[in-house]
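Examination of the molecular architecture
So you can see what is in the structure, the chains are spelled out below.
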Amino acid sequence: MILKIVKYPEPVLDTPGEPVVEFDGELRKFVADMFETMYASQGVGLAAQQVGVARRITVIDLSMGKDPAQKLALVNPEIIAREGRQYEEEGCLSFPEIREKVVRAAKVRIRAQDENGKWFEMDGEELLARAFQHEFDHLDGVLFLSRMSPLKRSMTLRKIRKMQREGNW
Ligand code: NI
């Protein structure tokens, strides 16, 4: 089922997620719906807050559905190590048409549970490292807007206000 993606400034996007404790059919259905929703919007990452649910669940697939090996469901995830620096453009399904450069760690090691509750660790660099950091921020109620430089943030807010005025947001 395709879920509705909420846009900035919907308050749920600022809400830190509750940890998941029950790994049941309802969770697995929600994860499947999140993948379906993300693919329908051609995104590479989606956090539960973006479909109106403040829980620590995110899905990532850099292949956008083309390579099953790249499908990642991450529950209660955390970054356990970070290294280096990258400064690249990011987008967000809750900020349609906005792309801005954001500083992130170049490499991260993460730990998370899968949709069955099994803990795993994995490393990511470049785009995958950015996706981890961007999506895990969502789970803390943090948006990439607050990771932008003050200048880019005010330019972005101006752009959003213009789109809102024109009815395109
Ligand atoms: Ni996002």
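The coordinates are above.
An account of the accompanying structure is given in this report.

Okay, the overall build of the protein chain next. A tally of regular secondary structure across the protein chain gives 3 helices and 7 strands. Start at the N end of the protein chain and walk to the C end: the helices and strands fall as α-β-β-β-β-β-β-β-α-α. Taken along the three principal axes of its C-alpha coordinates, the protein chain extends 45 × 35 × 30 Å. Excluding contacts between residues fewer than 6 apart, the proportion of contacts in the protein chain whose partners are at least 24 apart in sequence is 63%. For the protein chain, the exposed area adds up to about 8,800 Å²; of that, 50% sits on carbon and sulfur atoms. Computed over 26 positive and 27 negative side-chain charges, the inter-centroid distance for the protein chain is 7 Å.

As a further point, take the coordination of the nickel ion. Around the nickel ion, the protein contributes the donor atoms Cys92 (SG), His134 (NE2) and His138 (NE2), which lie 2.0 to 2.2 Å from the metal centre. If you list the donors of the nickel ion from N- to C-terminus, the spacing comes out as C-x41-H-x3-H. Pair noted here: Cys92 is in the loop between strand E4 (86–90) and strand E5 (100–104) and His134 is in helix H2 (residues 126–139), with a separation of 42 residues, a long-range link. Overall, His134 belongs to the buried group, its relative accessible area being 6%.

With 14 residues, H2 ought to run about 20 Å at 1.5 Å a step, and its terminal C-alpha atoms sit 20 Å apart, in line with that. Across the 14 residues of H2, 12 count as buried, placing the element largely inside the fold. Listed in full, the buried residues belonging to H2 are Leu128, Ala129, Arg130, Ala131, Phe132, Gln133, His134, Glu135, Phe136, Asp137, His138 and Leu139. Among the residues trailing H2, Gly141 stands out with phi positive, at a value near 80 degrees.

On to the side chain of His138, then. Here His138 lies in helix H2. Looking at His138, its side chain comes within polar contact range of the side chain of His134, at 3.2 Å. Ignoring sequence-local partners within four residues, the contact set of His138 consists of Thr15, Ala47, Gln49, Gln50, Cys92 and Leu143.

Calculation criteria
Residues numbered from 1 in each chain as written. Predicted model: local features only at pLDDT ≥ 70, side-chain atom pairs only at ≥ 80, totals over all residues. Heavy atoms only, no water. Helix = DSSP H or I, 4+ residues; strand = E, 2+ residues; numbered from the N terminus. Contact = heavy atoms within 4.5 Å. Areas by Shrake-Rupley, 256 points an atom, 1.4 Å probe, with all protein chains shown as cover. Lys, Arg positive; Asp, Glu negative; His and termini not counted. Charge placed at Lys NZ, Arg CZ, Asp CG, Glu CD. Donors = N, O, S within 2.8 Å, 3.2 Å for Na, K, Ca; no water. Buried < 20%, exposed > 50% of the residue type's maximum accessible area, 1.4 Å probe, protein only. Expected span 1.5 Å × (residues − 1). Polar contact = N/O pair within 3.5 Å; in protein donor to acceptor, adjacent residues only side chain to side chain.

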